[in-house]
Amino acid sequence: MQPPDKHPGMIVQDQQPFNAESPLGMLRQSFLTPEEIFYIRNHGSIPEVDPTSYRLTVSGMVESPLNLSLQELRNEFPEETVTATVQCAGNRRYGLMEAREIPGETPWGAGAIGNARWTGVPLREVLMAAGVEEAARHIAFSGLDEIEEGWSPNFGGSIPLYKGMSPEVLLAYEMNGEALSPEHGIPLRVVVPGFLGARSVKWLSGITLQEAPSDNYFQAHEYKLFPPYTVEQPDHPSEGFALGETPINAVTCEPLDGSSVRAAHVTCRGYAVAGGGRRIERVDLTTDGGQTWVGAELREGEEYAWAWRFWEATLELNSGEHRIAVRAVDSAADTQPESAASIWNFKGYANNSWHRITVNAR
Ligand SMILES: Nc1nc2c(c(=O)[nH]1)N[C@H]1C(S)=C(S)[C@@H](COP(=O)(O)O)O[C@H]1N2
Ligand SMILES: [Mo]
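Residues numbered from 1 in each chain as written. Chains lettered and ligands numbered in written order. Predicted model: local features only at pLDDT ≥ 70, side-chain atom pairs only at ≥ 80, totals over all residues. Heavy atoms only, no water.

### A look at the overall build of the chain
(1) Moving on: In terms of regular secondary structure, the chain is built from six helices and 23 strands.
(2) Moving on: Compactness check: the chain gives a C-alpha radius of gyration of 21 Å against a globular reference of 21 Å for 362 residues, within 12% of the reference.
(3) Moving on: The principal-axis extents of the C-alpha atoms in the chain amount to approximately 70 × 45 × 40 Å.
(4) Moving on: Here the chain, with 362 residues, has 54% of them falling under the buried criterion.
(5) Moving on: As displayed, the chain has an accessible area near 15,400 Å², and 48% of this comes from carbon and sulfur atoms.
(6) Moving on: Placing the 28 positive and 48 negative side-chain charges of the chain at their respective mean positions leaves the two points 6 Å apart. (Helix = DSSP H or I, 4+ residues; strand = E, 2+ residues; numbered from the N terminus. Rg over C-alpha atoms; globule rule 2.2 N^0.38 Å. Buried < 20%, exposed > 50% of the residue type's maximum accessible area, 1.4 Å probe, protein only. Areas by Shrake-Rupley, 256 points an atom, 1.4 Å probe, with all protein chains shown as cover. Lys, Arg positive; Asp, Glu negative; His and termini not counted. Charge placed at Lys NZ, Arg CZ, Asp CG, Glu CD.)

### A word on the pattern of salt bridges
(1) Moving on: Tallied over the entire structure, the rule returns 15 salt bridges.
(2) Moving on: Here Lys6 and Glu35 are joined by a salt bridge, their closest N and O atoms 3.3 Å apart. Of the two residues, Lys6 sits in the segment before strand 1 (11-14) while Glu35 sits in the loop between helix 1 (24-27) and strand 3 (56-60), which places them 29 residues apart along the sequence.
(3) Moving on: Lys6 sits in the buried class, given a relative accessible area of 6%.
(4) Moving on: When the shortest N-O distance is used, the salt bridge between Asp284 and Arg327 registers 3.0 Å. On the criterion of sequence distance, the pair formed by Asp284 in strand 18 (residues 280-286) and Arg327 in strand 22 (residues 320-330) is long-range, its members being 43 residues apart.
(5) Moving on: One connected set of salt bridges, linked through shared partners, spans Glu254, Arg269, Glu297, Arg299 and Glu312. (Salt bridge = Lys/Arg side-chain N within 4 Å of Asp/Glu carboxyl O.)

### Overview of the sheet that holds strand 12 (residues 204-210)
(1) Moving on: Here we have five strands laid out as an open sheet, ordered 4-3-12-7-8, and mixed in their pairing. Lying at the two open borders of the sheet, with one neighbouring strand each, are strand 4 (66-68) and strand 8 (154-160). Looking at each pair of strands side by side, their axes are set apart by 15° on average, direction ignored.
(2) Moving on: Bridge count for strand 3 against strand 4 is three bridges, and the pairing is antiparallel. Each bridged residue has a counterpart across the sheet, and for Val58 the counterpart in strand 4 is Leu66.
(3) Moving on: Seen against the sheet, helix 4 (residues 123-130) touches strand 3, strand 4, strand 7 (138-146), strand 8 and strand 12 and runs at an angle of roughly 130° to strand 4. (Pairing = 2+ DSSP bridges. Axes fitted to C-alpha atoms, helices over the stretch in contact; angles between N-to-C directions. Contact = heavy atoms within 4.5 Å.)

### Some remarks on the layout of surface pockets
(1) Moving on: Space inside the largest pocket adds up to approximately 650 Å³.
(2) Moving on: Forming the boundary of the largest pocket are 29 residues, of which Tyr94, Glu98, Asp257, His355 and Arg356 lie nearest the centre.
(3) Moving on: Mapped onto the lining of the largest pocket, the elements with two or more residues apiece are helix 3 (93-99) and strand 23 (355-361).
(4) Moving on: Of the residues that make up the lining of the largest pocket, three or more belong to each of domain 1 (11-242) and domain 2 (249-361). (1 Å grid on protein atoms, 1.4 Å probe; cavity = no way out; pocket = protein on both sides within 12 Å on 5 of 7 lines; lining within 4 Å. Points joined across faces, edges and corners; volume = space filled by probe spheres on them. Domains from an automatic or database assignment.)

### Digging into empty space enclosed by the protein
Rolled over the atoms, a probe as big as a water molecule pinpoints where empty space is left.
(1) Moving on: Enumeration over the complete set of coordinates arrives at two cavities of 30 Å³ or more.
(2) Moving on: Space inside the largest cavity adds up to approximately 250 Å³.
(3) Moving on: Lining the largest cavity we find 20 residues, and of these Arg41, Arg189, Gly197, Ser200 and Lys202 sit closest to its centre.
(4) Moving on: A breakdown of the residues in the lining of the largest cavity according to their chemical character gives ten nonpolar, six polar and four charged.
(5) Moving on: When its volume is computed, the second largest cavity comes out at roughly 100 Å³.
(6) Moving on: Lining of the second largest cavity is provided by 13 residues; of these, Cys88, Ala89, Thr246, Pro247 and Ala350 occupy positions nearest its centre.
(7) Moving on: Broken down by class, the residue content of the lining of the second largest cavity amounts to six nonpolar, six polar and one charged. (Nonpolar A, V, L, I, M, F, W, Y, C, P; charged D, E, K, R; others polar.)

### So, the site of ligand 1
(1) Moving on: In the region of ligand 1, 18 residues are neighbours, and Tyr39, Asp145, His184, Arg189 and Lys202 sit closest.
(2) Moving on: In the model, an oxygen atom of ligand 1 is placed 2.7 Å from a nitrogen or oxygen of the His184 side chain.
(3) Moving on: Backbone polar atom of Ser200 to a nitrogen atom of ligand 1: 3.0 Å apart, as the coordinates give it.
(4) Moving on: In the complex, 100% of the free accessible area of ligand 1, which totals 530 Å², lies under the protein chains.
(5) Moving on: Put simply, ligand 1 lies in the largest cavity. (Near = heavy atom within 4 Å. Polar contact = N/O pair within 3.5 Å; in protein donor to acceptor, adjacent residues only side chain to side chain. Sits in = over half its atoms within 2 Å of the grid points.)

### Thoughts on the domain arrangement of the chain
(1) Moving on: Taken domain by domain, the chain holds domain 1 (11-242) and domain 2 (249-361).
(2) Moving on: With 43 residues of domain 1 in contact, the opposing surface of domain 2 contributes 37 residues.
(3) Moving on: Of the roughly 3,300 Å² buried where domain 1 meets domain 2, counting both sides, 62% is carbon and sulfur surface.
(4) Moving on: For the pair domain 1 and domain 2, the interface holds two salt bridges.
(5) Moving on: One salt bridge connects Lys347 with Glu222, and the closest N-O pair in it is separated by 3.1 Å. (Buried area = accessible area lost by both parts, 1.4 Å probe.)

Written as structure tokens, this is what we have:
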């Protein structure tokens, strides 16, 4: 069922568990994505959590295990706010499916992404209070939601210790200045800027310090990048690699794919996100398949290390049908592959090929 606080224009992908993405035109309207259009990616139930009896445990390879109430977390640790973009590793999967089939996965367009101001306690503060043992290498998170498919009792995942000690990683209780809503992880979620959304575990119940990555199904088997010659789930979890940082990407949100526009000056607007916490340096558009390019103007977002950049470009288009492609370049001179076919993978993750739209200019 559609959560009551969501906009009716949301593009619903699944009812149970509820999955929905933002309509691209609305997504590009505000640099901070309003909660009512922020995408939802669930693998199980939306758990009912009583914030007064809620406890967060910190255990494993720590000197002093912690068991914290929300009040203790808020009162005994510093509060920080980070503006960060969160995106699903499956964002733009539909583009990979056009290249080659991907059965059984949600056909996300380019709206499984959002940018918010997250407020909470830096994870590193909690880790320092617990005292991380020298041999610990990974931080595993587990959520309170129940997974019905039977692979795993709940959702979880892990990040390497170095990332968890970075100041941008939060245990967040607020999104855009309001308490987290039920669907976004009430009362506490992890926010791992620059990493795929799956590591930003919602309804967080436990943090475990360990030597190896989490063995939760969603870390050990899902959210892995497999090579193009792996076409079904391997028996052994050592195949493929667990996704971490998200790759550079750019998307045109306006005009919409397939729309009609007034000929001559056509303004395109979209978002761009860099990989690994780098900066977006440039966004280019082409209408001739990449032979010639024009530069977009970078707009909102310059002051934030972990947020997307908005961009805008005006193209001169004669009447007729045009295929417009966009790509970004980041501060490591990294850019995007031309074709989705060249990066197809059977789970359908990390599609950052040139984003293309077709418009009819009249
Ligand atoms: N507990 C829990 N956390 C979770 C998930 C989930 O199903 N259960 N989905 C993950 C995935 S795959 C993504 S992309 C993000 C989506 O966050 P959102 O629904 O707040 O947009 O949450 C992550 N955290
Ligand atoms: Mo995701």
